[in-house]
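Structure at a glance
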Amino acid sequence: MAGERTGQSPGYIPAIDGLRAIAVLSVILFHLWPGALPGGFTGVDIFFVISGYVVTGSLIGREFASLGQLAAYFYARRLMRIMPALVAMLLVTLLAAQLFIPDAWLSNSLAQVGRFAFFGLSNVVLATDTDSYFGPQAAYNPFTHTWSLGVEEQFYLFFPFLLWWHHKLQAGAKAVRLVAILSAGSLLLCAVLGVFAQKFAFYLIFPRFWELGAGMLLCLTRERWQPWAAGKAWLAPAGLVLIAAGFVLPEGPLFPFPGALLPVAGTALLIASILGGTAPRALGSRPMVAVGLLSYSLYLWHWPVFVLFRWTAGLHTLKLQLAALVIAVALAIFSYFLVEKPLRFGFKRWPRGRVVAMALTGVLVAALGGQALIAAHDRITLSITRDRFAWYAEPGRALPLELTGCTPTMAEERLERGKVTVWSPRCARPGGFTLFVPADSHGLAYAPALQRLVAEAGATVRLYFRAGCPYFKLIESHASRPRCAGWYRAVEQEVSRRSRPGDVVFLPGLRVTRLANQFDNDRDLIGPHDDAVSQANFTEAQGIASRLAAGGARLVLEAPKPVFPSPTFRCADWFNRTNPICHGLTIPREQMLGRRRHVMRAMSGLVASQKAMILWDPLPILCPGQVCEAVPGGQPLFFDGDHPSGLGNDRIYADLKRTILGVRP
C-alpha cells in the first residue's frame, strides 16, 4: 500500500509539541506585550525549523511506487492538517472585519491579503503592496499573520520532489547535498535582500527556505548525528540560550538576517537534545504538550482577535488585553476540537486523490464566500461610514443630479514613479482651461470637488501624486526629501510646459503638523512642533512658485484647514469611541488659529512676493463658530483628523470654485 512504513521514522515526539508551545507563546506574548519580549516574533522561525523537521519525518521511511503516489499522500495530509482551521478562521475574521473595520488607508490591504490567504499567497501581497511587518498597515490587518502559512504552503509545492529524490537515491546523500546547497543559497539571498529589500527577505519563501531547510537536514541526517547527540547535556542549554537571545533582539535591520540565525540554531540544538535524550523534561510535560497541540489554532486565532480589539475597544488596558487573550484561547480550543482535529483524522480511510480534490474544492468555495463578504462590506458593516456619500471623498462620488450627464472622463498617466490623474470634461463649456493640482493626499481628498468643477466649468484637471512626496508643504522643504527630487522636478517641468495664460495651479496640502494620524503612536507626531517656515524653505517656495507660473498660469495656495485630535472615522461608532486614539472631534477655533499663525505669516509674505499667486482660506467655511467640529450635527466634514470628507467637499465647493474661476484673467 502506498505510504506504508518500510524504514525508521522519528514518529511522534511529545517534546516537539513542547517546543511548539514555546514558539506560539512567544509570538502571542510579543503581539500582546511587545515590550516584555521584543523579539518574540522569532517564534515563527522556531515554527519553520520544526515544520521542516516534522514534515520530512512524516514521509521518511514510507514506501511509494511513484511520485504521484507520494504527492497524493503528502498533499492529502497537509491539506487536511492546515486548510480546515485556516479556512474557518479566514471566513469568521472576514465577517468580523466587514462588520467593524471601516475602509481607509489603514485598512486598504485587508481585503487583498485576506483574499490571497485562501491560496497561500498572502505573503506575496504583503511583500509587494504594504508596509513592513512592523508598520501600521500590517499591525491593523487581521490577516498579516498568514504570511508564515504562505511560506509553508509554497514550501510544500516543491517539497515532495526533494523527498522523492531522496527516496529514489536510497541513502539520499545527493538529496541531502541538494537541500544543503538550496539552504545555503537561500541564506545568502536572505542576507542580500535584508540590505536592499528587507520586506522581500522577511515575507518570501526563497529567502526563508533555509529555515525550513535546516529542519529538513536535521531529519534527513538524523541517523548520522543522533548517536553523537546522546548524552550531550550541553545541547539543550545552548539551544535555550540562543532562542532567548533571539527573543530579546528587537525589530530592525538585523532581521531576518542575521537575527534569525539565533532562533534557528537554537531550535536545531533543542531538537538534537530531544532526540539525544537530554532535553529538559518540561518540554514533554502535559501542560507544554497541550499548548503545543493547540499551537496551530492559537496562532491562527490570536492575531485576528488582537487586531479587532485594536480597531474597536483598544488593547490599552490590562483588562482589555486579558479579555482579548481569553477570547483568542477560547476560539483556538473550539477550532481545535470542532474543526482541526475532526477533519484532520476523519478522512484517513478515503482515497488520497479524493481527499485532495475535496479539500481544494472546499477551499475554492470558501474563497468565493470570502469574496462575497468583502463585496458586501457597505451593506453589512455596523459602522456609520457605510454612508459612503457622506464620508468618502472618492473620485467616483456621485455628482449632483443635474450634472450626471457631464460626469468627467478619467485617465491616468505615469510620471517619474508617480501618477497623474486626468479628468476631462464630457460637456463642452465656454472658457475651458486646465487646472493643475500638484499635491499629496490632501489633493486626492479634493477629488469630488475637482470633478464637479470639471463638469460645471469645463475645466481639465491634472492631479499629480506620488506617495511620500508632499508638494509645497512649506514647514518642510523639498530639499529635505532627496528621493522625491526627480518627482518635484518633473512636476514643475510639466506644469511649466503645459500651462498657458488662463490656466490655474491649485496647491492644497497639510501645512501644519497633524494632531492625530489614522494609527496611534505615529513617530512623526512625537516631540514639539512649532510649524515655523524657515528662511531657506521660504526662499525655496518662491523659486517653485516662479517656475510653476512660468507658462502664464495663476496660483491658488490653500491655507491650513482645521486639524483634529482624533481620526474621525475611527471614533464615530458606538464600538470604537472609547479607543485610546480618540481624544475628541473638536478643536477651539482660537487654538487652530494659533497653530497656523507662523505658516499664515509666511504664506502672506509669499503671496505678496508673487504677483501670480493668491491665498484661499477654507477655515472660515469649515469652522464658522468658536469651536471647529469634525462632525457638526452628525454630518462628517472630515474623514480623519485632517482630510475633508465627501460632505466636507460639498461644504467648500462653492467657495473653491469661485476662487479658482475668479483668479483667471
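Rules of the game
- Note that residues are indexed from 1 along each chain, following the sequence as it is written.
- Owing to the predicted nature of the model, reporting of local features is limited to residues with pLDDT of at least 70; listing and counting of side-chain atom pairs is limited to 80 or more, with chain, interface and lining totals taken over all residues.
- Side-chain measures here rest on the full set of heavy atoms in the structure, leaving out hydrogens and waters.
- Under the DSSP-based scheme used, a helix requires at least four consecutive residues in state H or I and a strand at least two consecutive residues in state E, with every element numbered from the N terminus.
- Classification of residues uses two cut-offs on accessible area relative to the type maximum, computed with a 1.4 Å probe and protein chains only: under 20% is buried, over 50% is exposed, and between them is partly exposed.
- Inter-axis angles, ranging from 0 to 180 degrees, are taken between N-to-C directions of lines fitted to C-alpha atoms, where helices are fitted over the stretch in contact.
- Roughly parallel refers to an angle under 35 degrees, roughly antiparallel to one over 145, roughly perpendicular to one between 65 and 115, and oblique to any angle outside these ranges.
- Note on convention: near helix rotated counterclockwise from far helix by under a right angle means a left-handed crossing. Clockwise means right-handed.
- Between two residues, a contact is recorded if the distance between any of their heavy atoms is within 4.5 Å.
- Amino acids are sorted into nonpolar (Ala, Val, Leu, Ile, Met, Phe, Trp, Tyr, Cys and Pro), charged (Asp, Glu, Lys and Arg) and polar (every other residue, Gly among them).
- Here the expected length of a helix is defined as 1.5 Å per residue gap, with one fewer gap than residues.

**Here's the deal with unusual backbone geometry**
The omega angle of the peptide bond from Phe-255 to Pro-256 is 10°, so this bond is cis rather than trans. Tracing the backbone shows Pro-256 in the loop between helix H12 (235-248) and helix H13 (261-275). Look at the link from Phe-257 to Pro-258: it is a cis peptide, with omega at 0°. Mapped onto the elements, Pro-258 comes out in the loop between H12 and H13. Despite not being glycine, Phe-472 shows a phi value in the positive range, around 60°. Relative to the elements of secondary structure, Phe-472 occurs in the loop between strand S4 (460-465) and helix H21 (485-498). Residue classification places Phe-472 among the buried residues on the basis of a relative accessible area of 2%. Not every positive phi belongs to a glycine, and Asp-531 is a case in point at roughly 55°. Structurally, Asp-531 can be placed in the loop between strand S5 (504-507) and helix H22 (535-548). Overall, the relative accessible area of 6% leaves Asp-531 in the buried class.

**Thoughts on the packing of helix H1 (residues 14-32) against H13**
In a pair of packed helices, the angle between the axes and the distance between the axes together describe the arrangement. Running from N to C, H1 and H13 point in directions that differ by 155°, and their axes come no closer than 10 Å. On the basis of the axis angle, H1 is roughly antiparallel to H13. Helix-helix and strand crossings are classified by hand; for H1 and H13 the assignment is right-handed. Where H1 abuts H13, its residues Ala-15, Ile-16 and Leu-19 lie against Thr-267, Leu-270, Ile-271 and Ile-274. The class makeup of the residues in the contact of H1 with H13 is six nonpolar, one polar and no charged.

**Here we look at H21**
Under the 1.5 Å per step criterion, the end-to-end length of H21 is 20 Å for 14 residues, consistent within 8% with the ideal 20 Å. Within the span of H21, buried status applies to Gly-486, Trp-487, Tyr-488, Ala-490, Val-491, Glu-492, Glu-494 and Val-495. Elements that come into contact with the buried residues of H21 comprise strand S1 (409-415), strand S2 (418-424), strand S3 (434-438), S4, S5 and H22.

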